[in-house]
Amino acid sequence: MSIDVFTLGLTFILMHEMDAMRCHEWRIFPGISLMNDRAGMITFIFLHIPLFYLPLSPSIILNESFRTGCSIFFIVHVMLHLLFLMHKKNEFKDWISWSLILGAGICGGLYLVINQ
């Protein structure tokens with residue numbers, strides 16, 4: 001049995017989005033951070049419906065262009081978290097959060113290398 005690194009990366013990013021609720025990511029997310037806390041949380045939650053639906057849709061998840069684009073995003077996502085690391089409301093500070101963030105980025109990089 002071989003490991004599908006894209007699916008593993010997707011799993012890391014989806015788990016990261018669950019962790020994002022624990023870490024109140026809407027408080028540092030551009031645009032949404034300008035809202036009051038409750039409105040920001042609700043907006044953040046509902047914006048994630050298409051972000052969860054698309055990769056879980058069978059016709060989309062098997063599309064190579066989609067997988068490549070997501071894999072690139074997994075890497076860019078790590079860079080975005082590094083950029084916002086010193087934000088005063090950033091709560092992504094522990095090993096749990098960074099294992100998920102880096103796990104997705106590493107899988108994205110591996111996918112791009114393997115599927116060149």
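Residues numbered from 1 in each chain as written. Predicted model: local features only at pLDDT ≥ 70, side-chain atom pairs only at ≥ 80, totals over all residues. Heavy atoms only, no water.

## Side note on the environment of S99
Here is step 1: By the secondary structure assignment, S99 is in helix α5 (residues 95–114).
Here is step 2: By relative accessible area, which is 34% here, S99 ends up partly exposed.
Here is step 3: Measuring from C-alpha to C-alpha, the distance between S99 and F12 comes to 8.4 Å, with 87 residues separating the pair along the chain.
Here is step 4: Polar contacts involving the side chain of S99 include one to the main-chain carbonyl oxygen of W95, which spans 2.6 Å. (Helix = DSSP H or I, 4+ residues; strand = E, 2+ residues; numbered from the N terminus. Buried < 20%, exposed > 50% of the residue type's maximum accessible area, 1.4 Å probe, protein only. Polar contact = N/O pair within 3.5 Å; in protein donor to acceptor, adjacent residues only side chain to side chain.)

## Notes on the confidence of the model for the chain
Low-confidence regions, as indicated by low pLDDT, have predicted coordinates that should not be scrutinised in detail.
Here is step 1: Scored by pLDDT, the chain comes out at a mean of 94, with 98% of its residues at no less than 70.
Here is step 2: Put simply, helix α3 (residues 58–61) is where the chain has its lowest mean pLDDT, 87, and α5 is where it has its highest, 97. (pLDDT = per-residue confidence, 0-100.)

## Structural notes on the pattern of salt bridges
Here is step 1: A complete count under the given rule lists five salt bridges for this structure.
Here is step 2: Residue R67 pairs with D4 through a salt bridge whose shortest N-O separation is 3.3 Å. Linking R67 in helix α4 (residues 64–83) with D4 in the segment before α1 (5–22), this pair joins segments that are 63 residues apart in sequence.
Here is step 3: Residue D37 pairs with R27 through a salt bridge whose shortest N-O separation is 2.8 Å. Of this pair, D37 sits in helix α2 (residues 37–56) while R27 sits in the loop between α1 and α2, and the two are ten residues apart along the sequence.
Here is step 4: Beyond isolated ion pairs, a larger network of salt bridges with shared partners links D19, R22 and D94. (Salt bridge = Lys/Arg side-chain N within 4 Å of Asp/Glu carboxyl O.)

## Concerning unusual backbone geometry
Here is step 1: Positive phi is not limited to glycine here, since H24 has a value of about 50 degrees.
Here is step 2: On the secondary structure map, H24 appears in the loop between α1 and α2.

## Observations concerning α2
Here is step 1: Across its 20 residues, α2 extends 29 Å between first and last C-alpha, which sits within 8% of the 28 Å expected from 1.5 Å per residue.
Here is step 2: Where α2 begins, the side chain of N36 points an oxygen toward the backbone nitrogen of R38, at a separation of 3.1 Å. (Expected span 1.5 Å × (residues − 1).)

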